[in-house]
Amino acid sequence: MTTSDTSEGQRELWNRVRARLKTGVGEDVFTSWFARLELEEMVEDVVHLSAPTRFLCSWVQSNYADRILEAFRQDAEEVARIQVTLRVNGQARPRLAQPHAEPASPSEAAAPSVTAAPAPMHQPRLVRDNSAAKGDALAGSAIDPRMTFDSFVGGSANEMALGVAKQIAQAVTNNTVSFNPVYIHSTVGLGKSHLLNAIAHQVQQADPTKNIVYLTADHFMYHFIAAVQRQSALGFKDWLRRVDLLLIDDMQFLQGKSATEFGHTLGTLLTGAKQVVVAGDAPPRDLEMLDERIRSRLSGGLVVPISGFDLDLRKAIVQRRAEQSAARYGMHFPAPVIDYVARAVVSHGRDLDGAVNRLVAANQLTGELITVPLAEKTLGDLIRSREARRVRIEDILKIVSRHYKVPRNELLSARRSRDVVRPRQIAMFLAKALTSRSLPEIGRRFGGRDHTTVLHSVRKVEQMIKDDVELAQEIELLKRMLEE
């Protein structure tokens with residue numbers, strides 16, 4: 001088969017191949033691995049496909065080349081090889097057919113193709129390839145080069161998490177284990193992913209031979225489990241022995257039937273891998289999609305929270321980002337602007353980064369000096385979005401019910417046991433503090449109670465906050481969860 005074949009004929013052939021693949025592997029597998037493949041060209045006995053990520057290229061080449069080849073050969077017996085290359089900005093490189101007669105440069109040489117010859121059983125292709133570009137811990141889940149310990153801004157809210165992360169990186173480099181597993185949790189945008197990336201960076205820079213695996217939980221669930229299912233138990237155990245550092249991010253995104261299977265796999269990883277670090281937006285006990293044994297295993301390691309940023313830390317973050325922008329673009333951020341941004345943007349670190357980026361863009365595009373009036377005009381929606389967040393009593397019931405593990409209907413019931421009364425009083429306190437509802441309205445929403453009962457609960461919690469520092473911190477956490 002040559003390039004003289006009509007493109008229309010090749011498209012029709014590719015559509016038939018796709019239909020065969022979907023019928024053979026099912027809708028879910030097809031969507032995960034084949035839907036984003038595109039036919040680029042067919043040159044002699046080679047079919048050239050492209051994929052949007054390096055991970056997908058590698059995965060299809062390693063696991064599905066023979067199946068795709070078989071599907072093509074039902075219509076085109078001369079096809080002998082499948083080649084999958086990376087597609088960037090809608091174009092695949094390298095091409096098989098050169099437009100001119102000149103020989104291709106070495107940098108444009110085709111990547112090794114996958115032949116129809118049977119290959120030995122592969123180990124899961126998730127271990128770091130040490131020949132890969134620096135900072136690329138895993139094709140498809142590359143480490144962000146900006147997220148290092150040097151760029152992380154520490155403060156009272158995250159000093160413990162930062163210290164633990166540095167200690168882990170040092171221990172892995174020295175072939176020791178400080179804490180295992182380590183679980184870091186916080187609400188969105190407070191630096192969990194940054195710390196995981198920073199750990200991987202430092203270990204990789206100190207010892208490039210280390211096998212590092214960095215995955216988000218959904219990536220792990222859909223891709224890693226599929227790999228494990230195709231391996232022998234012996235091969236999987238051998239792979240585990242070669243993992244020096246396993247980093248799993250966004251644990252809260254585990255959903256559905258696969259979560260149970262993931263739990264069993266994670267249990268094996270916690271036993272076999274040398275160091276495991278997990279990050280999520282809730283403590284292990286609140287990860288209800290995981291088996292109780294796995295939650296217990298995570299809780300039994302080192303659990304490190306990151307609390308909301310105070311004004312000093314927000315100001316330090318804005319100051320650091322402003323200094324970086326000044327070094328790069330030569331612009332000046334006056335102190336009043338830094339102070340204004342730190343006080344006005346109170347949601348999380350990503351919004352602080354975004355605020356600085358907006359001011360830089362405004363300066364570059366309009367030439368206007370960076371001033372407080374410019375910040376007020378440019379950052380208005382960031383500030384308004386915070387002010388516009390309306391907390392509903394239903395939100396409060398949901399959060400309090402989940403946090404204290406008390407069913408919602410019991411919060412509204414007449415039960416007076418301590419394990420129900422205290423969460424109910426806290427929920428009423430939050431309703432008074434965070435909503436505009438009157439005491440009688442709150443009482444009606446809490447099972448038709450009298451407004452005096454609500455007032456008593458509010459005053460009771462106010463007194464408990466004064467007497468119990470831990471409870472005060474717990475209620476502040478609940479407030480942040482409701483306001484995010």
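If you're wondering where the values come from, they're calculated on a predicted model, not measured in any experiment.

Rules of the game
Residues numbered from 1 in each chain as written. Predicted model: local features only at pLDDT ≥ 70, side-chain atom pairs only at ≥ 80, totals over all residues. Heavy atoms only, no water. Helix = DSSP H or I, 4+ residues; strand = E, 2+ residues; numbered from the N terminus. Buried < 20%, exposed > 50% of the residue type's maximum accessible area, 1.4 Å probe, protein only. Contact = heavy atoms within 4.5 Å. Areas by Shrake-Rupley, 256 points an atom, 1.4 Å probe, with all protein chains shown as cover. Axes fitted to C-alpha atoms, helices over the stretch in contact; angles between N-to-C directions. Left-handed = near helix turned anticlockwise from the far one by under 90°. Nonpolar A, V, L, I, M, F, W, Y, C, P; charged D, E, K, R; others polar. Parallel < 35°, antiparallel > 145°, perpendicular 65-115°, else oblique. Phe/Tyr/Trp six-rings, centres within 6.5 Å; stacked < 30°, edge-to-face > 60°. Core = buried A, V, L, I, M, F, W, Y, C linked by side-chain atoms within 4.5 Å. Salt bridge = Lys/Arg side-chain N within 4 Å of Asp/Glu carboxyl O. Pairing = 2+ DSSP bridges. Expected span 1.5 Å × (residues − 1).

Student: Now, about the overall build of the chain: what can you tell me, with residues and values included?
Tutor: The number of helices and strands found in the chain is 21 helices and ten strands. The burial tally for the chain puts 47% of its 484 residues in the buried class. Taking the contacts inside the chain whose residues are at least 6 apart along the sequence as the reference set, 74% of them involve residues at least 24 apart. Accessible area for the chain stands at about 24,200 Å²; split by element, carbon and sulfur atoms hold 50% of it.

Student: Can you tell me about the packing of helix α16 (residues 393–404) against helix α18 (residues 418–434), naming the residues and giving the values?
Tutor: Running from N to C, α16 and α18 cross one another at 145 degrees; their axes reach a closest spacing of 10 Å. Viewed along their axes, α16 and α18 form a crossing whose handedness is right-handed. Of the residues in α18, those in contact with I393, I396, V400 and Y404 of α16 are P423, I426, A427, L430 and A431. For the contact of α16 with α18, the per-class residue count stands at nine nonpolar, no polar and no charged.

Student: Explain the packing of helix α11 (residues 311–329) against helix α12 (residues 335–344) to me, using residue names and the numbers behind them.
Tutor: α12 packs onto α11 with a crossing angle of 130 degrees between their chain directions and a minimal axis gap of 9 Å. Viewed along their axes, α11 and α12 adopt a mutual orientation that is oblique. Here the hand of the crossing between α11 and α12 comes out right-handed. Of the residues in α12, those touching α11 at L311, R314, K315, V318, Q319 and A322 are I338, D339, V341, A342 and R343. Tallied by class, the residues present in the contact of α11 with α12 amount to six nonpolar, one polar and four charged.

Student: Could you give me a rundown of the packing of aromatic side chains, with the residues and numbers involved?
Tutor: Taken as a whole and assessed by the stated rule, the structure comprises three aromatic pairs. Here W14 and F72 contribute two aromatic rings whose centre-to-centre distance is 5.9 Å and whose plane-to-plane angle is 15 degrees, an arrangement assigned as stacked. Here F72 lies in helix α4 (residues 65–73) and W14 lies in helix α1 (residues 7–25), a separation of 58 residues in the sequence. Taken individually, W14 and F72 each receive the classification buried, so the pair is uniform in this respect.

Student: How would you sum up the nonpolar core? Please name residues and give values.
Tutor: Grouped together as the largest cluster of nonpolar side chains are 54 residues, with contacts concentrated most on L195, I199, L247, V277, F333 and V341. Considering every element that reaches this core, the biggest residue donor is helix α5 (residues 159–173), with seven residues. Residues in contact with V277, not counting those within four places in the same chain, are I168, V182, I184, L196, I199, L245, L246, L247 and I248.

Student: Help me get a handle on the pattern of salt bridges, residues and values and all.
Tutor: Applying the stated criterion across every chain, the model contains 14 salt bridges. Notably, a salt bridge pairs R415 with E410, separated by 2.7 Å at the nearest N-O pair. Taking relative accessible area as the criterion, R415 reaches 36% and is therefore assigned partly exposed. Notably, a salt bridge pairs K479 with E476, separated by 3.7 Å at the nearest N-O pair. Note that K479 and E476 are positioned in helix α21 (residues 469–483) at a spacing of three residues, about one turn of the helix. The class for E476 is partly exposed, based on a relative accessible area of 37%.

Student: Give a description of the pairing of strand β6 (residues 182–185) that names residues and reports values.
Tutor: Of the two faces of β6, both are covered, the one formed by V182 and I184 as well as the one formed by Y183 and H185. With four bridges connecting them, β6 and strand β9 (residues 276–280) associate as parallel partners. The residue bridging I184 from the neighbouring strand is A279, located in β9. In this sheet, strand β10 (residues 302–305) lies alongside β6 in parallel orientation, the contact comprising four bridges. Looking at β10, one finds that H185 is bridged to P305.

Student: Talk me through helix α6 (residues 192–206); I want residue IDs and the actual numbers.
Tutor: Because each turn of an α-helix spans 3.6 residues, side chains separated by three or four positions end up pointing in the same direction. With 15 residues, α6 extends 22 Å from end C-alpha to end C-alpha; this agrees with the ideal 21 Å at 1.5 Å per step. Within α6, twelve of the 15 residues are buried, which leaves it mostly tucked inside the rest of the structure. Turning to α6, its buried residues are K192, S193, H194, L195, L196, N197, A198, I199, A200, H201, V203 and Q204. Buried residues along α6 sit against α5, β6, β7 (212–216), β8 (245–249), β9 and α13 (349–366).

Student: Describe unusual backbone geometry, with residues and values.
Tutor: Along the chain, N180 connects to P181 via a cis peptide bond; the corresponding omega equals -5 degrees. Here P181 shows up in the loop between α5 and β6. Even without being a glycine, K405 presents a positive backbone phi close to 55 degrees. Residue placement: K405 occurs in the loop between α16 and α17 (408–411). For K405, a relative accessible area of 47% puts it in the partly exposed group.

Student: How would you summarise α11 if you had to cite specific residues and measurements?
Tutor: Helix length check: α11 (19 residues) gives 26 Å between terminal C-alpha atoms against 27 Å at 1.5 Å per residue, within 8%. Buried within α11 we find L313, R314, I317, V318, R321, A322 and S325. Taken together, the buried residues of α11 touch α12 and α13. G330 occupies a position one or two residues after α11 and carries a positive phi of about 75 degrees.

Student: Please provide a residue-by-residue account of the side chain of N158, values included.
Tutor: Turning to its location among the elements, N158 is positioned in the loop between β5 (114–115) and α5. Discounting residues that sit within four places of it in the chain, N158 has contacts with F152, V153, I306, F309 and L313.

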